[in-house]
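Residue strings, one per chain:
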Amino acid sequence: DTYPIVRLCLDTKEVVHRYYSFDFSNWAAHYQINPVYPNLIFFAHETDTSKYVYANTYDRVNIMDIDTGNVVTFNQGQYSNGNAVQMATHETWSADGEYLYFCSWATDAGEYSGSLPAVIRINKDGTHRQYYYNTSPESGFNHCFINGDGTFAAVDQHYLSLLSTQTNQLFPI
């Protein structure tokens, strides 16, 4: 009932692995090694939506220090109806390795959670949330990718857009 998290160094052929377990739907995905701190690996808690409601996944965003096995979970919390406050989707590290960016949906599979559609930035240690959002119809983000200096996020869902992290302006493409 555990899931392997593995790092392979291509130069030395060294393999480091740890195991992690979730309370339900024991399935990790979206692995991303930090581009500057190779001991930090992001992984997401996936769920089989035929068995579980995605909105009930409170531990979606996880950062493991593979050298120590310590895992920091960005805990989105939950509403009284059991849905997650932030329904995190796809994620990416910043070029300098200091931040993890991910998207927050407003709904999931037709179930309203009340969460704010946004691109969210957290520090590499899982602390300090910074929200970038826009209230236009294009603001339900699914994927994000941050440019090198962190001033723009390329986002998509219904539209492909650039989101300014300085002004929250959305520029549909």
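Residues numbered from 1 in each chain as written. Predicted model: local features only at pLDDT ≥ 70, side-chain atom pairs only at ≥ 80, totals over all residues. Heavy atoms only, no water.

S.K.: Can you walk me through the sheet that holds strand 13 (residues 143-146) in this structure?
M.R.: Within a sheet, each strand pairs with its neighbour through backbone hydrogen bonds, oriented either parallel or antiparallel. Spatial ordering of the open sheet is given by 13-14-15-16, a layout of 4 strands whose pairing is antiparallel. Edge positions in the open sheet fall to strand 13 and strand 16 (170-172), since each of these has one partner strand only. Taking the axes of each pair of neighbouring strands and ignoring which way they run, one obtains an average angle of 25° across the sheet. Both strand 14 (residues 152-156) and strand 15 (residues 160-164) contribute to a ladder of 5 bridges, which runs antiparallel. When the bridges of strand 15 are listed, valine 155 appears paired with serine 161. (Pairing = 2+ DSSP bridges. Helix = DSSP H or I, 4+ residues; strand = E, 2+ residues; numbered from the N terminus. Axes fitted to C-alpha atoms, helices over the stretch in contact; angles between N-to-C directions.)

S.K.: Is there a simple way to explain the sheet that holds strand 11 (residues 118-123) in this structure?
M.R.: Strand order across the open sheet formed by 4 strands is 7-8-11-12, with antiparallel pairing between neighbours. Only two strands of the sheet have a single neighbouring strand rather than two, namely strand 7 (87-93) and strand 12 (130-132). Geometrically, the sheet is characterised by an average inter-axis angle of 25° between neighbouring strands, direction not taken into account. Sheet topology note: the strand 11/strand 12 ladder contains 3 bridges and is antiparallel. Residue pairing in the sheet places isoleucine 120 in a bridge with tyrosine 131 of strand 12.

S.K.: What exactly am I supposed to notice about unusual backbone geometry here?
M.R.: Generally, phi is negative for residues other than glycine and the peptide bonds are trans, each holding for most cases. Phi is positive for histidine 30, which is not a glycine, with a value near 60°. Turning to its location among the elements, histidine 30 is positioned in strand 3 (residues 28-33). What makes histidine 30 partly exposed here is its relative accessible area of 23%. Its identity is not glycine, yet histidine 128 carries a phi of approximately 55°, on the positive side. Summarising the element assignment, histidine 128 is placed in the loop between strand 11 and strand 12. (Buried < 20%, exposed > 50% of the residue type's maximum accessible area, 1.4 Å probe, protein only.)

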